[in-house]
Amino acid sequence: MAQYIVRRLLLMVPVLVGVSLLVFALARVLPGDVFVAQSVNSGLSPEAREQLREEAGLNRPLPVQYLEWAGNAVRLDFGESLYNKQSVNKSLKRAFPITLELALLASLIGIAIAIPLGVISAAWQGSPFDYLSRFFGVLGLSVPNFVIGTLTISYLALWFHWTPPGGKTSVFEEPWLNIQQFVFPSLILGASFSASIMRMTRSTVLGVLREDYIRTARAKGLYPRPILIGHVLRNALLPVLTLAGTQVGFLLGGSVIIENIFSLTGIGAITFDAINNRDYIVIQAVATLAAFVFAGLNLLIDLSYAWLDPRIRLA
Amino acid sequence: MTSRETSVALGFEYYIAPLPSRWRRSLRLARQNPVGTLSLVVVLGLLLSAVFAGQLAPYSPTAVATGLRLEGPSGEHLLGTDQLGRDVLSRMLYGARVSLRVSFLSVGIGTLAGAVIGMISGYFGGWLDLIVQRVMDIVMSIPAFLFALVIVAALGTSSTNVLIAIAVVLIPGTSRVMRAVVLQVRSRAYVEAASASGASGMRVIARHIVPNAIDEMLILASVALGAAIIIEAALSFLGLGAQPPEASWGKMLAEGRGVYEKGPHMVWIPSIVISVTVLAVNMLGDSVRDILDPKVRGGSETRF
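Because the structure is a prediction, the values reported are computed rather than measured.

A.B. asks: Mind laying out the overall build of chain B, listing which residues take part and the relevant values?
C.D. replies: Counting its secondary structure elements, chain B contains 12 helices and 0 strands. Traced from its N-terminal end to its C-terminal end, chain B shows the element sequence α-α-α-α-α-α-α-α-α-α-α-α. Taken across its 304 residues, chain B has 40% of its residues classed as buried. Partitioning the contacts of chain B with sequence separation of at least 6, the portion at a separation of at least 24 is 67%.

A.B. asks: Before we move on, could you go through the overall build of chain A and cite the residues and values that matter?
C.D. replies: Helix and strand counts for chain A stand at 13 helices and 0 strands. Taken over the C-alpha atoms alone, chain A extends approximately 85 × 60 × 35 Å along its principal axes. A total of 315 residues make up chain A; the buried ones form 37% of that total. Residue pairs at least 24 apart in sequence account for 73% of intrachain contacts in chain A once pairs closer than 6 positions are excluded.

A.B. asks: Pulling in residues and values, what's your account of the nonpolar core?
C.D. replies: Grouped together as the largest cluster of nonpolar side chains are 132 residues, with contacts concentrated most on A:Ile283, A:Ala287, B:Ala148, B:Leu149 and B:Ile166. In contact with B:Ala148, other than residues within four places in its own chain, are B:Ala165, B:Ile166, B:Val169, B:Ile231 and B:Leu235. Core analysis: the second largest hydrophobic core is formed by 7 residues, B:Ala115, B:Val181, B:Val185 and B:Ala213 among them.

A.B. asks: Explain the confidence of the model for chain B residue by residue, including any values.
C.D. replies: Residue and element names in this part refer to chain B. On average, chain B scores 83 in pLDDT, and the residues at 70 or more come to 89%. Under a pLDDT of 50 for its full length, residues 297-302 has, in the predicted model, 11 contacts with residues more than four places off or in other chains. ipTM for the predicted complex: 0.84, alongside a pTM of 0.85.

A.B. asks: Please set out the interface of chain A and chain B residue by residue, giving values where relevant.
C.D. replies: Counting residues at the interface gives 48 residues for chain A and 38 residues for chain B. When residues of the side of chain A that touches chain B are assigned to their parent elements, the largest contribution, 8 residues, is made by helix H1 (residues 2-29) of chain A. Residues that form the side of chain A that touches chain B fall into these classes: 36 nonpolar, 9 polar and 3 charged.

A.B. asks: Residues and numbers for unusual backbone geometry, please.
C.D. replies: Of note, A:Leu76 is a non-glycine position whose phi angle comes to about 60°, a positive value. Along the chain, A:Leu76 turns up in the loop between helix H4 (62-74) and helix H5 (88-123).

A.B. asks: Tell me what's going on with the packing of H5(A) against helix H8 (residues 175-209) of chain A, and back it up with residues and numbers.
C.D. replies: All names here are of chain A. Packing of H5 against H8 leaves a shortest axis separation of 5 Å and a crossing angle of 35°. In this structure, the crossing between H5 and H8 has a hand that is right-handed. Across the contact of H5 with H8, the residue classes tally to 22 nonpolar, 8 polar and 2 charged.

A.B. asks: Pulling in residues and values, what's your account of the packing of helix H6 (residues 128-142) of chain A against helix H12 (residues 265-292) of chain B?
C.D. replies: One way to put it is that H6(A) packs onto H12(B) with a least axis distance of 8 Å and a crossing angle of 125°. Overall, the two elements H6(A) and H12(B) adopt an arrangement that is oblique. Where H6(A) crosses over H12(B), the handedness of that crossing is right-handed. Along its contact with H6(A), which presents A:Val138, A:Leu139, A:Leu141 and A:Ser142, the element H12(B) presents B:Ser275, B:Val278, B:Leu279, B:Asn282 and B:Met283.

A.B. asks: Explain the environment of B:Arg91 residue by residue, including any values.
C.D. replies: Residue and element names in this part refer to chain B. If you trace the backbone, Arg-91 turns up in helix H5 (residues 88-124). Residue classification places Arg-91 among the buried residues on the basis of 29 C-beta atoms within 10 Å. Residues Arg-91 and Thr-62 lie 29 residues apart in sequence; the distance between their C-alpha atoms is 7.8 Å. Setting aside residues up to four positions removed in sequence, Arg-91 forms contacts with Pro-61, Asp-82, Arg-86, Ala-247 and Met-252.

A.B. asks: Before we move on, can you summarise the confidence of the model for chain A with the specific residues and values?
C.D. replies: The share of residues in chain A with pLDDT of 70 or more is 93%, and the mean pLDDT across the chain is 83. Looking across chain A, the model is least confident in helix H2 (residues 34-42) of chain A, with a mean pLDDT of 63, and most confident in H5(A), with 90.

Thresholds applied
Residues numbered from 1 in each chain as written. Chains lettered and ligands numbered in written order. Predicted model: local features only at pLDDT ≥ 70, side-chain atom pairs only at ≥ 80, totals over all residues. Helix = DSSP H or I, 4+ residues; strand = E, 2+ residues; numbered from the N terminus. Buried ≥ 20, exposed ≤ 12 C-beta atoms within 10 Å, placed from the backbone. Contact = placed C-beta atoms within 7 Å. Core = buried A, V, L, I, M, F, W, Y, C linked by C-beta atoms within 7 Å. pLDDT = per-residue confidence, 0-100. Nonpolar A, V, L, I, M, F, W, Y, C, P; charged D, E, K, R; others polar. Axes fitted to C-alpha atoms, helices over the stretch in contact; angles between N-to-C directions. Left-handed = near helix turned anticlockwise from the far one by under 90°. Parallel < 35°, antiparallel > 145°, perpendicular 65-115°, else oblique.

Here it is, written out as structure tokens:
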């Protein structure tokens, strides 16, 4: 087991190097750089811009720039923003709890909606409930979260003159304000997250229902409900768990838009600003970290898989 | 002796129903699948209105009328006017052009490129396969939307670059599936027999692998289409897609955010159109999968 974990962690290294190289290369294809973006606002002269590029070390050979960045990143130092000279570590640290809270709440809400709906819908295949929840599933996949977000925030303001309070709050210090900030964004993100999980749950449960051991259990005289909970759920939820792990990217992507609509200052907002400012130091850090979280989470899911299903041997 | 004569000679007679014509089969398919048919009609309607936007639009999508800002829907302007007095219906029609061009082309290009890469990777194997698959691992480990954002930022904001970004994001998944199909088909006895009797690599690919892979690719593409429309709209919503004065649905929704008090139609018209379009495309994708993938048919024996 320990050997397996170590090997998986080692396998993550080339992927992370690849991701950072790829984003580094892409960022260097940028038509303008951060200083061109700045000079539009502040009227920097081309000479001053060149001076700034020199100072920021952007005129050095690309391999040197990459290796220096990577060397620091290994020590978890992501350098400082080209745009406002702030430490990337500091702004990430400030933004991370916001996105984490949003993603956690959204996945909890999503799973709480999705699993019961999916299981019942599969068990009562062809019933009105099944049609209704399948329709909900397609609707959730089809109505983009920024559409629900825009409608929600517009009509909350129009009908109730209510806007979500701005600024950064902590759930531990100002719980009430924090709830007001997060209730709608996490409900919206969670609802769209639940649509795909619900569809996965339904189809895996349907698959398990067709297995021989379910027929055997029924033939033995077991009542349908214990079969559903003891046999079907146990076997169906494992693939759902794996598939849910691959959806984390969806939550990260969704947080860029949802944070933008609800003026939350999380990782999504940082990414969006960095892209607008052509601040590639920040873009590199966010993309590499996202890949790391993604890979780490999938490792955790594979481990829990082995823990939940004793037939699976990790080797 | 025909089979009918044979059957008579053998002492029994049977009737061989003629195979229904293609048209009849399609009609039957449509009757069995009303939801799929309806969504096909909606998607075709949207495609037609995008193609003929120039003829259908009552006004120019960029004509500014300062006296008529944020008017609600009326006989003159069926869907009202926007914050600059431009006709919303005309802008939605031209927006359909941007949205559908970007999503259809990106899915087409992305699926094709992914299929070719997966085919080469799976068919030739060896170190080429290893390198290609590791590159795909890397691309897949960046969340798709984030990667699309980075590509658009790198190439610059325009609807063509959004098209490229979506196509690139679709490549890894498609190439994975294609590679799996190639590996599976290659190990079948009849394909080995064809290779052994001297069929060239190209012939094996064209005769055996492509026909086996087409259904899978169609399923993938039909599922990807809805996602592509959403990504396009989301990027334009963030201001990274189509640039003014080009109209696009996501951009119009973003503009509506600032003026919802005076012109709520600016928010709900793009909302409804984006949602209905993606809904129709997704339902169509579901129907395509139901028809092509027999695995999802049939039900359980136990009633709960």
